[in-house]
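Here is how the chains run, residue by residue.
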Amino acid sequence: MVVLLGDRCPEYGGQVDVEAHIETCSGILWRELEHSGDEILQLVIQCAEELPHKSTLYATLVGLLNLEDEEFGRKVVDTSHAKLQDALDSENCNNIRVLMRFITVLMCSNVIPPSSVIEVFETLLSSATTTVDEERGNPAWQARADFYIFCILGCLPWGGLELAERVPDDLDRVMTEIEAYLSIRKHVFEPAFLPFETLADDNKDGGQDFLEDLWERIKSLSEDGWKVDSVPRPHLGFESRLVTGKSYEFRPVTCPEQPDQPSPSSDVMIGRQRHEAELKYPQRIQRLHIFPVSKTEENMKPIDRFVVEEYLLDIMLYLNGCRKQCAAYMASLPVTFRYEYLMAETIFSQLLLLPNPPFKGCYYALVIIDLCKALPGAFPMVVAGAVRSLFDRVNDLDMECQTRLILWLSQHLSNFQFIWQWEEWLHVLDLPRWSPQRVFVQEVLQREVRLSYWDKIKLSIQKAPGLEELLPPKDGSCFKYGDHEGDHSEVVEFSLSNELNNLVKDKKTSREILSWVEENIIAVHGHNVSVDVVVQTLLHIGSNSFTHLCTVLERFGNVISKLGSGQSNEILVIEETSKIFQNNAQMAAIAIDRMMVYRIVSNLSIVTWVFSPSNVEQFHTSDRPWEILRNALNKTYNRISDKRKDVIFAEKSVQKAIEAKVKAQADLDSAEALLEAADSEELQGQAAIKLKRLKVAVDRMKQEESSEQESLEAKDALLSRALSENEVLFITLYRCFSDALMKHLSVDLTEKQEDVLGPDHREPMSIESEEPSAMDADDDERRNQRFSKSNGLHSQAEQQWCRCTLGQVRALTRKYATEIWPHIDKIDAEVFTGDIHPSIVKAVYSALRRPL
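Residues numbered from 1 in each chain as written. Predicted model: local features only at pLDDT ≥ 70, side-chain atom pairs only at ≥ 80, totals over all residues. Heavy atoms only, no water.

(A) Quick peek at the overall build of the protein chain. Regarding its fold elements, the protein chain presents 35 helices and 0 strands. Taking the principal axes of the C-alpha coordinates as reference, the protein chain spans close to 100 × 100 × 60 Å. Counting all 852 residues of the protein chain, 53% fall into the buried class. Summed over its atoms, the accessible surface of the protein chain is roughly 37,900 Å², and 50% of this surface lies on carbon and sulfur atoms. Separation between the mean location of the 91 positive side-chain charges and that of the 133 negative ones in the protein chain comes to 3 Å. (Helix = DSSP H or I, 4+ residues; strand = E, 2+ residues; numbered from the N terminus. Buried < 20%, exposed > 50% of the residue type's maximum accessible area, 1.4 Å probe, protein only. Areas by Shrake-Rupley, 256 points an atom, 1.4 Å probe, with all protein chains shown as cover. Lys, Arg positive; Asp, Glu negative; His and termini not counted. Charge placed at Lys NZ, Arg CZ, Asp CG, Glu CD.)

Dropping the structure here:
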């Protein structure tokens, strides 16, 4: 009944009378307080933390229970204080925010005096102001200071009215101090972390950042008398009773000290601290503005948007493990206006949040699916409108956001029989191959094929049959030796492939097959032919399914590994893998990924192959090379993460072994003292036996400590080696990006120039040129305003290639910033020096939040 408080459910007779729910629940809990007070206390606090959209209900419940049992009210206040202090010390953003709101609504129910709430506000305000002070603080940690101010402002829709009535002077003082803080902090402008280029332009031209926007909404609320229709106020129904209850002082809290400013100060040290601060105190939402304000904020006051967003974000955060209940709560918020458009925009804002969304994309896909089922008359059309709006603006969409949107849309449509108005997108066939809209439709269709099968997807686009051109080829495997017709050399290779196939069918061991390869192929036809025949044949055998492929690589991976020893040979293996699966991007990505898992090829070889000329030409027309690159980097990151976990576990084991040894030694010393003090032969005999046993135990503990210490040293060495390899990987990656981009970007432009891609400053590039359609002319013209005027159609393809490649530089740098920062000095020295183009440096530095 506590969990379901305020919900329409059988426990409360199927009615939604909040006041009746609270009265009923408080009566039941009051009778149980004497026997189960601690359990009830923990349950109420947990509900307030994990169902914060109902915090006003739980605060009112606590207020009524406080009337009957003052000890319970005092414990709620003390527990809330302990949890808030712990959250501040551990820098747990979500707990800080939710507990701040809870103590505010407890004040509304007269459980906490308003002076205590003001004191907490001023404590956070003082810490924030000190942090951004150039002399006394550390402005690199402005993210934490901004978060503290956000928490204070975020409490005011729930308790501003009571504070204004009971302590108006104190509230005015807090508002004045917040305004003073906003005047000295730095405006947050991070174009590399905005989903749209147009949002970056608007923000740069004087737009508000997230904290400034919230401040304007709070000022509007203050001018409106602190009345918020979207925040339930159930305590008003019990006000005459609650005012008679006892209030309990909320003891002062302390904020953690910010790290000292780096000395000597450098942009690298400041950047590292800023990155650490942003990781611990991330921005909660970045509004997309998919729909017009007239739709998202229809019949709302400015503050209502913030409140509804908080409801939605809290529900998605705390109910991520039960998506059905999550969708049910999201569909039934306690507001009187329609909010479907705002709900869709909020979900997509989370899906496309940079650098990382709170959850995987599939979670948001499931939430949207369940909402479509819960609100069949409204939400599906809103989602469709969001897709159309995002598609219209896909040219300005960040590259990583494009990938997320493609993955989400293909998964979403797979749950609705792939039904979509594909004829609306037929015009993409008239656009160039490199057009972002055409590439978007192409990638969605290809991802759909992965989730279903080719014929099913072809049937789904029967109203737009022309889009079949964008589907991948139906035949997935391009086995080179499937047809024995050709010149003499090809016939010979066909014969060798057939013989190798028979050896596998005869279940020969990998050692026998390797011996046969060395004798019959390498010795006679050379190394390149052996790689060609072996890789093509074995992968063709495993091409039927993912399971077949993994089985082949597990059994015969050492054969391929033997042929592919050395980076140049590994690249040959990857190239042959790509050739046989050239019509099946999924199998190519899986095969190369599995080869990296089985140590057949290295991440360096994959990176080098991705930047081969044949792949570079696809950078702006296909996601295929980028998917393979992302997989390789992600696999490397996961390996290092696993090694870090191993080291942490080993450190804990060493500590436990040391503690066990110390305890055993203390027991031994105590036994020796007893032996010396024994005054009879019987006692001496007993002490001697115990002493002998304890000596054995101490020796065993020492051996265990030594063993654990050796294990820790070995794991430390493995981690150090992995980090060294990671440094080489990122240096190689950025060098490859630089080499590819420098061929097409001028080196004589200055950093101050916004347009670094003008055709007058570039060398020609061998990218296929296609004439853009009239339907895309206006869009191209708008986008090209940020670039120098183009004199030929060829340069437009080149501009798009440069946009895509620089976009991937930003995306990969953002995602792996934590791994890149430890090696940034080496990367600077070996890559970002000399004639490096400023646009490359700008892409990397902006993604690292590093000053230029």
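(B) Focus on the UniProt feature "coiled-coil region" (unreviewed entry) in the protein chain. Taken from the UniProt record, the annotation "coiled-coil region" (unreviewed entry) applies to residues 654–681. Taken end to end, residues 654–681 is 89% helix and 0% strand, and its first and last C-alpha atoms sit 40 Å apart. (UniProt positions renumbered as here; feature names shortened; annotations may be inferred.)

(C) Seen up close, the pattern of salt bridges. Applying the stated criterion across every chain, the model contains 62 salt bridges. One salt bridge connects D825 with R272, and the closest N-O pair in it is separated by 3.9 Å. On the criterion of sequence distance, the pair formed by D825 in helix α34 (residues 824–830) and R272 in helix α11 (residues 267–280) is long-range, its members being 553 residues apart. Residue classification places D825 among the partly exposed positions, given a relative accessible area of 47%. Note that D455 and K474 form a salt bridge whose closest N and O atoms lie 3.1 Å from each other. Here D455 is found in helix α20 (residues 454–460), whereas its partner K474 is found in the loop between α20 and α21 (488–505), with 19 residues between them in sequence. (Salt bridge = Lys/Arg side-chain N within 4 Å of Asp/Glu carboxyl O.)

(D) Expanded view of the domain arrangement of the protein chain. Domain boundaries in the protein chain define domain 1 (2–252 + 264–280) and domain 2 (488–635). Between the C-alpha centres of domain 1 and domain 2 the distance comes to 57 Å. (Domains from an automatic or database assignment.)

(E) Geometry of the nonpolar core. Grouped together as the largest cluster of nonpolar side chains are 159 residues, with contacts concentrated most on F348 and W422. Sort the elements by how many residues they give to this core and helix α6 (residues 142–166) lands first, with 13 residues. Beyond its immediate sequence surroundings of up to four residues, W422 is in contact with L413, V441, V444, L445, E448, S460, I461, A464 and L467. Counting residues in each nonpolar core, the second largest holds 82 residues, with V534, L549, I628 and A843 among its members. (Core = buried A, V, L, I, M, F, W, Y, C linked by side-chain atoms within 4.5 Å. Contact = heavy atoms within 4.5 Å.)

(F) Examining the packing of helix α15 (residues 340–351) against helix α16 (residues 361–374) more closely. Remark: α15 packs on α16, axes separated minimally by 9 Å, with the N-to-C direction vectors making an angle of 165°. In terms of their interaxial angle, α15 and α16 are classed as roughly antiparallel. Viewed along their axes, α15 and α16 form a crossing whose handedness is left-handed. Across the interface between the two elements, M343, I347, F348, Q350 and L351 from α15 touch G361, Y364, V367, I368 and L371 from α16. Among the residues making up the contact of α15 with α16, the classes are represented as 8 nonpolar, 2 polar and no charged. (Axes fitted to C-alpha atoms, helices over the stretch in contact; angles between N-to-C directions. Parallel < 35°, antiparallel > 145°, perpendicular 65-115°, else oblique. Left-handed = near helix turned anticlockwise from the far one by under 90°. Nonpolar A, V, L, I, M, F, W, Y, C, P; charged D, E, K, R; others polar.)

(G) Broad picture of helix α17 (residues 379–392). Between the first and last C-alpha of α17 there are 20 Å, a value that for 14 residues agrees with the 20 Å anticipated at 1.5 Å per step. Here α17 has its buried residues at F379, V382, V383, A384, A386, V387, S389, L390 and F391. Where α17 is buried, its residues touch α15, α16, α18 (399–414) and α19 (436–451). (Expected span 1.5 Å × (residues − 1).)

(H) How the structure looks around the packing of α6 against helix α7 (residues 168–184). Where α6 contacts α7, the axes come no closer than 11 Å and their chain directions differ by 155°. As summarised for this structure, α6 and α7 are arranged roughly antiparallel, according to the angle between their axes. As α6 packs across α7, the resulting crossing turns out to be left-handed. Here Q142, A145, D146, I149, I152, L153, L156, G160, L163, A164, E165 and R166 of α6 lie close against α7, whose contacting residues are P168, L171, V174, M175, I178 and Y181.

(I) Highlighting unusual backbone geometry. Note the cis peptide between L354 and P355, where omega equals 5°. For E91, which is not glycine, the phi torsion reads 60° and is therefore positive. Checked against the element boundaries, E91 lands in the loop between α3 (70–90) and α4 (93–108). The exposure class of E91 is buried, given its relative accessible area of 17%. Phi at N110 takes a positive value of approximately 65°, unusual for a residue other than glycine. With respect to the helices, strands and loops of the structure, N110 is situated in the loop between α4 and α5 (114–132).

(J) A look at the environment of Y339. Secondary-structure assignment places Y339 in the loop between α14 (323–330) and α15. Each residue touching Y339, except ones within four places of it in the same chain, is listed here: M300, V308, M330, A331, S332 and L333.

(K) Focus on the packing of aromatic side chains. For the structure shown, the criterion picks out 25 aromatic pairs. When the centroid spacing of 4.3 Å and the interplanar angle of 25° are considered together, the rings of F391 and W425 count as stacked. Residue F391 is located in helix α17, and its partner W425 is located in the loop between α18 and α19; the two are separated by 34 residues in the primary sequence. The residues F391 and W425 share a single accessibility class, namely buried. With a centroid separation of 6.3 Å and an interplanar angle of 85°, the aromatic rings of F832 and Y845 are classed as edge-to-face. One end of the pair, F832, is in the loop between α34 and α35 (838–847); the other, Y845, is in helix α35, with 13 residues separating them in the sequence. Take Y845: its relative accessible area is 10%, and that puts it in the buried class. Taken together, the ring pairs in this structure connect F391, W420, W422, W425 and F440 into an aromatic cluster. The ring centre of F193 lies 3.8 Å from the NZ or CZ of R849, which sits over that ring. (Phe/Tyr/Trp six-rings, centres within 6.5 Å; stacked < 30°, edge-to-face > 60°. Lys NZ or Arg CZ within 6 Å of the ring centre and 35° of its normal.)

(L) Structural view of α19. For α19, with 16 residues, the first-to-last C-alpha span of 23 Å sits near the 22 Å given by 1.5 Å per residue. Of all 16 residues in α19, 13 are buried, a share of seventy percent or more.

(M) Main features of the confidence of the model for the protein chain. In the predicted model, the protein chain carries a mean pLDDT of 89, and the fraction of residues at 70 or more is 92%. For the protein chain, per-element mean pLDDT is lowest for helix α31 (residues 777–784), which scores 49, and highest for α4, which scores 97. Predicted confidence for residues 747–777 stays below pLDDT 50, and this span has 80 contacts to residues more than four positions away or in other chains. Every residue in residues 784–794 scores below 50 in pLDDT, and together they form 30 contacts with partners more than four places removed in sequence or on other chains. (pLDDT = per-residue confidence, 0-100.)

(N) Up close: a negative patch on the surface. Taken together, the side chains of E651, E710, E713 and D716 make up a negatively charged region of the molecular surface. Here the element with the most residues in the negative patch is helix α30 (residues 681–742); it accounts for 3 residues. Counting through the fold element by element, D716 comes out in helix α30. (Patch = residues over 30% accessible without salt bridge, like charges linked within 9 Å, V, L, I, M, F, W, Y side chains within 5 Å.)

(O) Highlighting the side chain of S55. The residue S55 is located in helix α2 (residues 55–68) in this model. Filtering out sequence-adjacent residues up to four positions away, S55 remains in contact with R101, F102, V105 and W158.

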